[in-house]
Structure formats: structure tokens, C-alpha cells
Amino acid sequence: MHKHKILIAAAVVVLGAGIAQAHHSFTQFDRENKMIASGTVVRWDFNNPHSWLHMNVVGDDGAEVLWSFEGSAPTSLIQRGITGRTFQPGDSLTLMYCPMRDGRPGGHMGLVKLEDGSFIVPADGGCSGNDEMHELWKGRIDEALNSG
């Protein structure tokens, strides 16, 4: 009977690891392409398993389109000082993101520039990069804002 319990426990661990790995897949995002979008916050869903930022982004044709950007889970965000009140409706943001592979408007957040000029990283590995990449993208975000 003891061997049976050990086998069941091992199977649960193996299956659970597979499910967790599948959950943290970033395959829907094109991680090779980093893009910049500016817009106005409509809603910030500070939810498990992932948070979502919804913003209106003005397209080349002048029309506003609702975009959605995935971020980390609340437990990870709170450790970085990002809360359910960080993004408020009406806030103007500019962010670096990895776009959706299927072309839908949105992606995975990497680096966000707030209205006060500070930067935060609400990503969990899908598009975040490292400190060196953050410095590069801070410059690119500022260039995009100054040219537009």
C-alpha cells in the first residue's frame, strides 16, 4: 500500500508540473518583436492567474481601438510595488510589448512608462528582458514619445 501512495504522489507532482508549465507558456506572443504603444487606460484587471491592462490606442487612421496587454499575477506584481490601483481609467501610458501572434490588438507587457515619467515592469518573463534591455527600451520609448 505504501508503494501505491508513493506512485500516486509522484504522478500528481509530474502532472502538476506539466500543467504549470503549460499555463506559463508565452506562445501566443511574438517574443522576437518588441513594439511600442501609447494609449489611455480603460480598465486594469488585477486578477489571477494573470493581470490584464486594457487601453484605448489611437491607430494610424485616427480611430481608437481597445487593446489588451497581459501582465504578471498579483502576487508577483505586489512584490514590485504594482497594485490594483497602479493603473487608473484615464491614465496615459506608453509601453513596450510583445505583440499577439494572431494579430489581435494587444500583447504581453514588458516595460511601462507612467504619466509621472517613471518606468515599471509588470511582466513575468514573457516580454520583460533584463536591466540592460530595460535601459535600451526606456530610450526607445522616450524617442517614440518625442517624435510623435
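Reference entry: report on the structure contained in this document. (Residues numbered from 1 in each chain as written. Predicted model: local features only at pLDDT ≥ 70, side-chain atom pairs only at ≥ 80, totals over all residues. Heavy atoms only, no water.)

A short note on the nonpolar core
Reasoning step 1: If you look at the biggest cluster of nonpolar residues, it comprises 18 residues, and the most contacted ones within it are L53, F69, F87, L93, L95 and V112.
Reasoning step 2: When contributions to this core are tallied by element, the ones reaching two or more residues are β1 (35-45), β2 (52-58), β3 (64-70), β4 (92-99) and β5 (106-113).
Reasoning step 3: Setting aside chain neighbours within four positions, we find L53 in contact with V41, R43, W44, W67, S68, F69, F87, L93, L95 and M109.
Reasoning step 4: Core analysis: the second largest hydrophobic core is formed by ten residues, M96, V121, C127 and I141 among them. (Core = buried A, V, L, I, M, F, W, Y, C linked by side-chain atoms within 4.5 Å. Buried < 20%, exposed > 50% of the residue type's maximum accessible area, 1.4 Å probe, protein only. Helix = DSSP H or I, 4+ residues; strand = E, 2+ residues; numbered from the N terminus. Contact = heavy atoms within 4.5 Å.)

With respect to helix α3 (residues 131-147)
Reasoning step 1: Across its 17 residues, α3 extends 24 Å between first and last C-alpha, which sits within 8% of the 24 Å expected from 1.5 Å per residue.
Reasoning step 2: Taken together, the buried positions of α3 are occupied by H134, W137 and I141. The buried residues of α3 occupy an angular sector of 70° when projected down its axis, which confines them to one face. Exposed side chains of α3 directed beyond 90 degrees from the buried face belong to E132, E143, N146 and S147.
Reasoning step 3: Looking at the buried residues of α3, the elements they touch are β1, β4, β5 and β6 (119-120). (Expected span 1.5 Å × (residues − 1). Arc of directions from axis to C-beta.)

As for the pairing of β2
Reasoning step 1: Inspection of the sheet shows β1 paired to β2 by five bridges, in the antiparallel sense. Bridging across to β2, T40 finds its partner in N56.
Reasoning step 2: Count of turn residues in the β1/β2 antiparallel hairpin: six residues.
Reasoning step 3: Relative to β3, β2 is paired through seven bridges, and the arrangement is antiparallel. When the bridges of β3 are listed, N56 appears paired with L66.
Reasoning step 4: Where β2 hands over to β3, the hairpin turn is made up of five residues, of which G62 adopts a positive phi near 90°. (Pairing = 2+ DSSP bridges.)

A word on the pattern of salt bridges
Reasoning step 1: According to the stated counting rule, one finds four salt bridges in the structure shown.
Reasoning step 2: D45 serves as the salt-bridge partner of R43, at 2.9 Å between the closest nitrogen and oxygen.
Reasoning step 3: Judged by its relative accessible area of 41%, R43 is partly exposed.
Reasoning step 4: When the shortest N-O distance is used, the salt bridge between E135 and K138 registers 3.2 Å. One end of the pair is E135 and the other is K138, both in helix α3 and three residues apart, which spans about a single turn. (Salt bridge = Lys/Arg side-chain N within 4 Å of Asp/Glu carboxyl O.)

Topic: the environment of G71
Reasoning step 1: Examined against the element boundaries, G71 turns out to sit in the loop between β3 and α2 (74-79).
Reasoning step 2: Overall, G71 belongs to the buried group, its relative accessible area being 0%.
Reasoning step 3: Sequence separation between G71 and F46 is 25 residues; the distance between their C-alpha atoms is 9.0 Å.
Reasoning step 4: With near-sequence residues (within four places) excluded, G71 lies in contact with H50, S51, M109, P122 and D124.

Looking at the pairing of β4
Each regular strand carries side chains that alternate between the two faces of the sheet.
Reasoning step 1: Here β4 lies mainly inside the structure; seven of its eight residues are buried.
Reasoning step 2: Pairing analysis gives six bridges linking β1 to β4, with the strands arranged antiparallel. Considered in β4, the bridge of T40 is made with S92.
Reasoning step 3: Where β4 meets β5, six bridges bridge the pair, whose relative direction is antiparallel. In the strand pairing of β5, L95 is matched with V112.

The quantities given are spatial measurements derived from coordinates; they are silent on function.
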